[in-house]
Protein chains: 2
Amino acid sequence: MAKAAKVNAVVGQSGGPTSVINASLVGVIEEAQKHPQIANLYGAVHAVSGIVKDRFINLKKVSAKTLELVAASPSSALGSSRDKPDEEYCAKILDIFKKRNVGYFFYIGGNDSANTCFIINNMAQKAGLELRAWHIPKTVDNDLLVTDHCPGFGTAAKFVACAVLGDDLDNRALPGVKIDVIMGRNAGFLTAASALAKNKEDAGPHLVYFPERPISMDKFLADVNAVYTKLGRCVIAVSEGICDTDGVVWTKKITETTEKDQHNNIQLSGTGALADFLAGQVKGALKIKRVRADTFGYLQRSFAGLQSPVDAKEARMCGRQAVKYAVKQPSGSVAIRRLKGAKYAIELFATELSSVAEKTKSMPDEFINSEGNSVTDAFVKYALPLTGGLPKTEYLGNYPRV
Amino acid sequence: MAKAAKVNAVVGQSGGPTSVINASLVGVIEEAQKHPQIANLYGAVHAVSGIVKDRFINLKKVSAKTLELVAASPSSALGSSRDKPDEEYCAKILDIFKKRNVGYFFYIGGNDSANTCFIINNMAQKAGLELRAWHIPKTVDNDLLVTDHCPGFGTAAKFVACAVLGDDLDNRALPGVKIDVIMGRNAGFLTAASALAKNKEDAGPHLVYFPERPISMDKFLADVNAVYTKLGRCVIAVSEGICDTDGVVWTKKITETTEKDQHNNIQLSGTGALADFLAGQVKGALKIKRVRADTFGYLQRSFAGLQSPVDAKEARMCGRQAVKYAVKQPSGSVAIRRLKGAKYAIELFATELSSVAEKTKSMPDEFINSEGNSVTDAFVKYALPLTGGLPKTEYLGNYPRV
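Residues numbered from 1 in each chain as written. Chains lettered and ligands numbered in written order. Predicted model: local features only at pLDDT ≥ 70, side-chain atom pairs only at ≥ 80, totals over all residues. Heavy atoms only, no water.

Caption draft 1: The confidence of the model for chain A, seen in detail. Residues and elements named next belong to chain A. In this model, chain A carries an average pLDDT of 93, and 95% of its residues clear a pLDDT of 70 or more. In the model, residues 256-265 has pLDDT below 50 throughout and makes 19 contacts with residues more than four positions away in sequence or in other chains. Across the predicted assembly, pTM comes out at 0.95 and ipTM at 0.95. (pLDDT = per-residue confidence, 0-100. Contact = heavy atoms within 4.5 Å.)

Caption draft 2: Inspection of the interface of chain B and chain A at higher detail. If you look at the interface, chain B gives 77 residues, while chain A gives 77 residues. Taken over both partners, the interface formed by chain B and chain A buries close to 6000 Å², and the fraction arising from carbon and sulfur atoms is 59%. Between chain B and chain A we count two salt bridges in total. For R301 of chain B, the salt bridge is made with D170 of chain A, and the minimal N-O distance between the two is 2.8 Å. Viewed at the interface, chain A and chain B are joined by 30 residue pairs in polar contact (both at pLDDT 80 or more). With ten residues, helix α6 (residues 153-173) of chain B is the single largest residue contributor to the side of chain B that touches chain A. For the side of chain B that touches chain A, the residue count by class is 35 nonpolar, 23 polar and 19 charged. (Buried area = accessible area lost by both parts, 1.4 Å probe. Salt bridge = Lys/Arg side-chain N within 4 Å of Asp/Glu carboxyl O. Polar contact = N/O pair within 3.5 Å; in protein donor to acceptor, adjacent residues only side chain to side chain. Helix = DSSP H or I, 4+ residues; strand = E, 2+ residues; numbered from the N terminus. Nonpolar A, V, L, I, M, F, W, Y, C, P; charged D, E, K, R; others polar.)

Caption draft 3: Structural detail: the sheet that holds strand β10 (residues 332-338) of chain B. Residue and element names in this part refer to chain B. Taken together, seven strands build an open sheet; the order of strands is β3-β2-β1-β4-β5-β10-β11 and the sheet is mixed. Edge positions in the open sheet fall to β3 (56-58) and β11 (346-351), since each of these has one partner strand only. Ignoring strand direction, the axes of neighbouring strands in this sheet form an average angle of 30°. Pairing geometry for strand β2 (residues 38-44) and β3, over three bridges, is antiparallel. (Pairing = 2+ DSSP bridges. Axes fitted to C-alpha atoms, helices over the stretch in contact; angles between N-to-C directions.)

Caption draft 4: Up close: helix α12 (residues 309-326) of chain A. With 18 residues, α12 of chain A should cover 26 Å at 1.5 Å per step; its first-to-last C-alpha distance of 26 Å lies within 8% of that length. Considered for burial, the residues of α12 of chain A that qualify are D311, A312, E314, A315, R316, C318, G319, Q321, A322, V323, Y325 and A326 of chain A. (Expected span 1.5 Å × (residues − 1). Buried < 20%, exposed > 50% of the residue type's maximum accessible area, 1.4 Å probe, protein only.)

Caption draft 5: A look at the relation of the copies chain B and chain A. By a simple turn and slide, chain B fits onto chain A: the slide is 0.0 Å along the axis, the RMSD is 0.0 Å, and the turn is 180°. Such a combination of turn and shift is consistent with a two-fold rotation axis. Minimal C-alpha separation from the rotation axis in chain B is found for G272 of chain B, amounting to 2.2 Å. (Least-squares fit on C-alpha atoms with pLDDT ≥ 70 in both.)

Caption draft 6: The arrangement of the packing of α6 of chain B against helix α13 (residues 377-387) of chain B in detail. Residues and elements named next belong to chain B. Between α6 and α13, whose axes approach to 8 Å, the crossing angle comes to 95°. Between α6 and α13, the angle is such that the two are roughly perpendicular. Every residue of α13 that contacts α6 at F153, G154, A157 and K158 is listed here: Y382, A383, L386 and T387. Looking at side-chain class alone, the contact of α6 with α13 contains five nonpolar, two polar and one charged residues. (Parallel < 35°, antiparallel > 145°, perpendicular 65-115°, else oblique.)

Caption draft 7: Main features of the packing of helix α4 (residues 87-99) of chain A against helix α5 (residues 111-126) of chain A. Residue and element names in this part refer to chain A. Between α4 and α5, whose axes approach to 10 Å, the crossing angle comes to 65°. As far as their axial angle goes, α5 and α4 are roughly perpendicular. Two packed elements cross with a definite hand, and for α4 against α5 that hand is right-handed. For the pair α4 and α5, the contacting residues are E87, C90, A91, I93 and L94 in the first and T116, I119, I120, M123 and A124 in the second. Here the contact of α4 with α5 is built from residues that sort into eight nonpolar, one polar and one charged. (Left-handed = near helix turned anticlockwise from the far one by under 90°.)

As structure tokens, then:
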């Protein structure tokens, strides 16, 4: 069922950028060059919002040198969009695709992007258009279904772990309570990655809180007090998406910011409100003098020069594989399967768009400890290889005294 | 005037940690091993606060392998302290030094640490004690006098530049206003380092604000509006220490946090208040929908695995040089001189403790543009070599359209 006619292809990058989404883009570009049935490869400028405005660049004209720079650069080199196309929006996309003789659509993004592919694919089928829509996974939240993990997560996890590694050493030097607020609206994977920094028995993060485990302020303060009493210090990683035992997200309770994006999500990132609120609670209730809080913010997804080599490689593989699938079979989503064995290894496979579209995955129970305030060894085993390894660190303060 | 008797040495790390203060510590340790007149080298646990409690570890017993790990690790491996010793405090230090037969004191820190060395040195002279106190410079703020730059600044500058490099690409992908709040209580050097990320004419940071240039909210908003109108986006770097035209620090105006450290400084770091306040002002006054703000916080001084190789090397040299000076001449502070020539090169020299103690340096006028909202080429020339180079990045959105 290979396509006969020579047609054009479109590739776009959607939603929040990551540090390796450009590696996936470059994977699509380099693979597309190898297939003569793909005439031109058009890059959609600012994703679907560029497609409906007929804004494209010809990616086959970009030099190999530039492509390598792009692959190593964070963010979405084509520009991104938060638009969530409905059928009317997708009809406009299909009009442009018809006009430009587009037979392949590659869309790099999260579950919303998989859904866009799903809608467009269905509409094209109904209209009798031959269009193959392939979704390429990306998200720092690691919350897509089917795939073992998402390109973008490994590098974000590396950033978070390196930040907490250093932060814990800083907190050893000047002891107190340190709170780090980490991205992850509904899934705690990225917050859990902070625990990869725990390279010693008494190293932080000493407490880790996830959206998957609602927590009361009383329990939070009791946890902090217990660690502080024992160690004289406490490093805490908190997901921006943690919620109270009544199910309401803490950020919603404490901020008047009601800005919502077009997917009807409350803005959780780009504000220090949660961190400052938690610091205030700890100071007030526990009478601890030195309490500091940082919100890692957008650096988690965009810090330059910090790609996990494993993540970057897999992201590029996913881009290439999408093209390989597309020239052979109808629409779908590229997914990663982890192979059994002592050494980390993966293979790619194709899954249905419907299995990824609009759904999200949470941390499985086996990754969260029974108290709901840290991770298990199973999580470390799962996540550490994705970072490509972390820097080794050491300190001296606990050496035997003279 | 070489010392005859075999005596012991003490080394300590004071104030806010940096990513290379341990490189200086290791420099002291490895050089001290070479000088037979130094019997034992004691590491002061938590700086002066450990000295007065007689809390030391024997650094000559630490393995070479551990030392290399320590040198590569952020934060102060011996522990730090914010104590600012007065004469009474220093008298206790001298008592311990007498008890332990300490003839050399190496103190790695900022201007307060230089002052501690200065007081101790004067008191020792008055008491007829033979003690050589050497200050080794460290600060991410780069605000010490005499020296061309401070160990610790280059790596913090690298962090800030890499963060803004990625942040600007993120802001290209999803355009809006992005505000980044950067450390630097009185000196704008670290905030200025954000401008090292400006690798294209239209790249951010588009606006940079320093403590050295008071600014009104009206001017700030007019600046942002001008950039946003022209480019459709705006990336802004703001020092935590910026003040209004009446001289009052903005953070003081907007936060009820009145916590002060023992040096009577208001807490500026570890809170997202300034960033959130500025974002609110831009949203409210300019009616721009997508406004985000991050406070880089403690990651600037502690992120693991990101040392500038130039900074790490110089920090270690400074530690070694302090020992070399100490065995030959009385007290002083190690300083860096930049050599003239096309290629970056430095040499070390000794300066008086009194020339560094208690004073701070601001950004020279030649580093700030006439509008007071960005840096000059002279600053880039000054600061870029200290980072050891920055990652190259690229994007595609502005390529010619098809």
